[in-house]
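# Structural overview for review
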Amino acid sequence: MKSLMITKYGELSTSLEIQEVPIPTIAPNQILIKTHASSFNPLDYKIVRGDFKAMRKIQFPKGIGRDVSGVIEQVGEKVEKFKAGEKVCSRIDESLVGTMADYVISNADDVSLVPSNLTHEEIAGIPLAGLTSYQALIDVAKLLPGENILIHAGAGGVGSIAIQLAKHLGAKVTTTTSTKNIGLVQKLGADNIIDYTKQSYLDEGPKFDVVFDTLGGKYTLDSFKILKKGGRVISIAGDVDNITTKQLGLNRIIRFLLRLKAKRVTNAASKIGARYRFLLMSPNGDQLKKLVKLYESGLIKPVIDKAYKFDESIQALEYLSKGRAKGKVIVKFIE
Ligand SMILES: NC(=O)c1ccc[n+]([C@@H]2O[C@H](COP(=O)([O-])OP(=O)(O)OC[C@H]3O[C@@H](n4cnc5c(N)ncnc54)[C@H](OP(=O)(O)O)[C@@H]3O)[C@@H](O)[C@H]2O)c1
């Protein structure tokens with residue numbers, strides 16, 4: 001089968017290659033999926049660039065991609081919930097990474113059936129970005145109806161889902177975007193839109209119960225300037241917290257250095273009795289099923305920026321890496 005492989009750390013144009021590799025074999029609790037569509041996430045280009053090489057080294061060549069939508073080709077002998085021929089999606093486990101390939105293996109626990117009223121292209125954008133929004137807003141923030149939330153980068157892969165999910169949960173949503181994407185975030189249901197090219201979100205004052213920080217850097221620290229006392233900041237791009245460093249199994253020295261790096265953020269949180277959490281999303285078939293139901297009933301609408309052919313997958317990742325995607329960047333395997 002064909003699979004897009006990372007061959008070394010570096011530029012996307014010189015570190016990725018479509019190679020011929022064997023079709024993987026499944027363990028008893030796994031499923032083999034024939035890929036119809038997949039999607040890229042910023043994690044994919046960050047890994048190729050070597051952003052995480054101090055934490056975890058890669059053995060090259062290595063597959064790329066974590067989202068898959070396709071049809072079950074084969075199920076392991078212990079799998080009871082699924083059968084060959086069913087339409088499914090998954091955010092596959094890190095140990096199985098490589099969804100930019102003709103066939104993909106997923107643990108059965110990470111898989112959800114998908115309805116016929118959604119195309120594979122629409123579904124492929126749901127797993128990683130959708131579960132990130134779900135886990136950030138529901139599991140970590142425990143967002144309540146009527147609460148005020150600021151969602152940064154509302155036009156992005158995660159933000160475009162988070163706005164719709166937060167509205168579904170009954171929250172009042174403020175989001176940041178550039179002028180060209182105002183119409184998009186309005187359509188997604190944002191109540192208050194801040195065009196960051198003309199206006200600073202810091203002018204909002206300390207009115208938010210929750211800030212969903214999808215940008216990191218100065219945005220993480222500045223979140224506490226607009227947070228109510230006792231509020232919550234959930235970041236997916238800022239400083240890593242203690243819970244996450246343990247989750248990643250990092251050694252004591254790296255954990256100590258990361259704790260030191262996060263000191264300004266943890267101090268800012270404790271000054272106003274706020275809670276800071278970094279979320280490292282994880283695969284979860286049950287949550288994915290609930291998310292897919294929201295799409296099936298039209299409560300969340302897929303937002304696709306561009307769908308590329310598999311032959312153009314390197315261009316697709318280059319496009320995403322510019323940081324200007326509106327919703328999800330999809331790769332199609334079957335027309
Ligand atoms: N920790 C985790 O488990 C986890 C999971 C998923 C994602 N992430 C991380 O979360 C971040 C966002 O992911 P994503 O998939 O949403 O990325 P993305 O789709 O590439 O985000 C692109 C969007 O960001 C917007 N944007 C860029 N700069 C902005 C700014 N200063 N203010 C407001 N909007 C801005 C752009 O809109 P404009 O063109 O209008 O500026 C664009 O629509 C990435 O760093 C990713 O690695 C982490």
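What you see is a predicted model, and the numbers here were worked out from it, not measured in a lab.

### Let's talk about the site of the ligand
By nearness alone, 27 residues border the ligand, and Lys46, Ser178, Tyr196, Leu279 and Ala325 come closest of all. At 2.8 Å from an oxygen atom of the ligand is found a main-chain nitrogen or oxygen belonging to Gly157. Between Ile236 and the ligand, the recorded distance is 3.2 Å, taken from a backbone N or O atom to a nitrogen atom. Protein chains bury 88% of the 930 Å² of accessible surface belonging to the ligand in isolation. Elements with a contribution of two residues or more to the shell around the ligand: α2 (42-49), α4 (127-140), α5 (157-168) and β10 (172-177). The residues that make up the shell around the ligand include at least three from each of domain 1 (2-125 + 303-332) and domain 2 (128-278).

### Section: the sheet that holds strand β2 (residues 16-20)
Across the sheet, which stays open at both edges, the three strands sit in the order β2-β1-β4 with antiparallel pairing between neighbours. Only two strands of the sheet have a single partner each, and these edge strands are β2 and β4 (62-63). Sheet topology note: the strand β1 (residues 2-6)/β4 ladder contains two bridges and is antiparallel. By the bridge assignment, Ile6 is partnered in β4 with Lys62. Across the sheet, helix α12 (residues 313-321) touches β1 and β2, and the angle it forms with β2 is around 150 degrees.

### So, the side chain of Lys332
Residue placement: Lys332 occurs in strand β16 (residues 328-332). Relative accessible area serves as the criterion here: at 15%, Lys332 is assigned to the buried category. Beyond its immediate sequence surroundings of up to four residues, Lys332 is in contact with His36, Ala37, Glu121, Ala307, Tyr308, Lys309 and Phe310.

### Thoughts on the nonpolar core
In terms of nonpolar packing, the biggest core is built from 41 residues, with Leu137, Ile149, Ile151, Ala166, Phe212 and Ile234 touching the most fellow members. Among the secondary structure elements, those contributing two or more residues to this core are α4, β9 (148-151), α5, α6 (182-187), β12 (208-213) and α11 (285-296). The element best represented in this core is α4, accounting for seven residues. For this core, the domains that each give at least three residues are domain 1 (2-125 + 303-332) and domain 2 (128-278). Apart from residues no more than four positions distant in its own chain, Ile151 is found in contact with Gly159, Ala162, Ile163, Ala166, Val173, Thr174, Thr175, Thr176 and Phe212. With 21 residues, the next largest nonpolar core counts Met100, Tyr308, Tyr319 and Leu320 among its residues.

### Considerations on the domain arrangement of the chain
By convention, interface size is frequently given as the accessible area that disappears when the constituent parts associate. Per the domain assignment, the segments of the chain are domain 1 (2-125 + 303-332) and domain 2 (128-278). Taking only C-alpha atoms into account, the centre of domain 1 sits 26 Å from that of domain 2. Residue-level contacts link 14 residues of domain 1 with 17 residues of domain 2. Overall, the association of domain 1 and domain 2 removes approximately 1,100 Å² of surface from exposure, summing both partners, and the carbon and sulfur fraction of that is 62%. For domain 1, the biggest contributors to the area lost against domain 2 are Met55, Val303 and Lys326; these three give 37% of the whole. Where domain 1 touches domain 2, the interface holds zero salt bridges.

### A word on the packing of α4 against α11
Contact geometry for α4 and α11: axes closest at 10 Å, N-to-C directions at 100 degrees. Considered as vectors, α4 and α11 are oriented roughly perpendicular to each other. The segment α4 lies against α11, with Pro127, Gly130, Leu131, Tyr134, Gln135 and Asp139 engaging Gln287, Leu288, Lys290 and Leu291. When its residues are assigned to classes, the contact of α4 with α11 shows five nonpolar, three polar and two charged.

### Some words on the sheet that holds strand β11 (residues 192-195)
Reading across from one edge, β11-β10-β9-β12-β13-β14 is the order of the six strands in this open sheet, with parallel pairing throughout. Edge strands, defined here as strands with exactly one partner in the open sheet, are β11 and β14 (275-278). When the angles between neighbouring strand axes are averaged without regard to direction, this sheet yields 15 degrees. The pairing of β10 with β11 spans four bridges and is classified as parallel. Counted as the bridge partner of Thr175 is Ile193 from β11.

### Some details on a nonpolar patch on the surface
A grouping of Ile253, Phe256, Leu257 and Leu260 is seen on the molecular surface, where their side chains present a nonpolar patch of about 430 Å² in accessible area. Among the secondary structure elements, Leu257 is positioned in helix α9 (residues 252-261).

### Thoughts on the packing of aromatic side chains
Taken as a whole and judged by the stated rule, the model has five aromatic pairs. Each ring, one from Tyr201 and one from Tyr219, has its centre 5.9 Å from the other, and the planes form 20 degrees; the classification is stacked. With Tyr201 in the loop between β11 and β12 and Tyr219 in helix α7 (residues 218-222), this pair connects stretches of sequence that are 18 residues apart. Given the relative accessible area of 24%, Tyr219 is considered partly exposed. Considering the side-chain rings of Tyr308 and Tyr319, the 6.5 Å spacing of their centres and the 45 degrees angle between planes classify their relative orientation as tilted. One end of the pair, Tyr308, is in strand β15 (residues 304-309); the other, Tyr319, is in helix α12, and 11 residues separate them in sequence. Directly above the ring of Tyr319 sits Lys306, whose terminal nitrogen or CZ lies 4.4 Å from the centroid.

Thresholds applied
- Residues numbered from 1 in each chain as written.
- Predicted model: local features only at pLDDT ≥ 70, side-chain atom pairs only at ≥ 80, totals over all residues.
- Heavy atoms only, no water.
- Near = heavy atom within 4 Å.
- Polar contact = N/O pair within 3.5 Å; in protein donor to acceptor, adjacent residues only side chain to side chain.
- Areas by Shrake-Rupley, 256 points an atom, 1.4 Å probe, with all protein chains shown as cover.
- Helix = DSSP H or I, 4+ residues; strand = E, 2+ residues; numbered from the N terminus.
- Domains from an automatic or database assignment.
- Pairing = 2+ DSSP bridges.
- Contact = heavy atoms within 4.5 Å.
- Axes fitted to C-alpha atoms, helices over the stretch in contact; angles between N-to-C directions.
- Buried < 20%, exposed > 50% of the residue type's maximum accessible area, 1.4 Å probe, protein only.
- Core = buried A, V, L, I, M, F, W, Y, C linked by side-chain atoms within 4.5 Å.
- Buried area = accessible area lost by both parts, 1.4 Å probe.
- Salt bridge = Lys/Arg side-chain N within 4 Å of Asp/Glu carboxyl O.
- Parallel < 35°, antiparallel > 145°, perpendicular 65-115°, else oblique.
- Nonpolar A, V, L, I, M, F, W, Y, C, P; charged D, E, K, R; others polar.
- Patch = residues over 30% accessible without salt bridge, like charges linked within 9 Å, V, L, I, M, F, W, Y side chains within 5 Å.
- Phe/Tyr/Trp six-rings, centres within 6.5 Å; stacked < 30°, edge-to-face > 60°.
- Lys NZ or Arg CZ within 6 Å of the ring centre and 35° of its normal.

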